[in-house]
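Observations on chain architecture
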Amino acid sequence: GMYAGVNDPELFDEHECTFHRMLLSAAGNRVLAALAGMLRFSAAETHDSDETRDLFQACEQNRAIYQAMRQRNISGAYDAMGDYLTSGHITPTAW
């Protein structure tokens, strides 16, 4: 999945968008899930020469979100999502 895209920002974007749409759907947030379908998380446009490291870190952050949700750890998922959103690795852009 997403880890396969650490060297390919376009592939990463594809997996990233799918992951977040699935999270929103699982959380029952239909409005944001619908909006996520109109956005793409553009790794290709937001990374510098440290792109591979940044994408790997984004994968690790997404993994932390997934694991917290899987364990039904609401505060852990909230904190992991906060870390992800404030990291500056991924910027939502219009498709």
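No experiment lies behind these values; they were computed from the predicted model shown.

Let us look at helix α5 (residues 74-86). Over its 13 residues, α5 extends 18 Å from the first C-alpha to the last, a length consistent with the 18 Å expected when each residue adds 1.5 Å. Where α5 is concerned, the buried positions are A77, A80 and Y84. Each buried residue of α5 sits inside an arc of 70° when the element is viewed along its axis, so together they form one side. Residues of α5 that are exposed and point over 90 degrees away from its buried face: I74, Y78, L85 and T86. With its phi angle positive at about 80°, G88 sits one or two positions after the end of α5.

Attention shifts here to the nonpolar core. The biggest cluster of nonpolar side chains holds 11 residues, and these are M2, V6, F12, F19, L23, L55, A58, C59, I65, A80 and Y84. Per element, the largest residue contribution to this core is 4 residues, and it comes from helix α4 (residues 51-70).

What follows covers the environment of A33. Residue placement: A33 occurs in helix α2 (residues 30-36). By relative accessible area, which is 16% here, A33 ends up buried. For the pair A33 and R21, spaced 12 residues apart in sequence, the C-alpha to C-alpha distance is 5.4 Å. For A33, the contacting residues outside a window of four places in its chain are R21, L24 and S25.

Conventions used here
Residues numbered from 1 in each chain as written. Predicted model: local features only at pLDDT ≥ 70, side-chain atom pairs only at ≥ 80, totals over all residues. Heavy atoms only, no water. Helix = DSSP H or I, 4+ residues; strand = E, 2+ residues; numbered from the N terminus. Expected span 1.5 Å × (residues − 1). Buried < 20%, exposed > 50% of the residue type's maximum accessible area, 1.4 Å probe, protein only. Arc of directions from axis to C-beta. Core = buried A, V, L, I, M, F, W, Y, C linked by side-chain atoms within 4.5 Å. Contact = heavy atoms within 4.5 Å.

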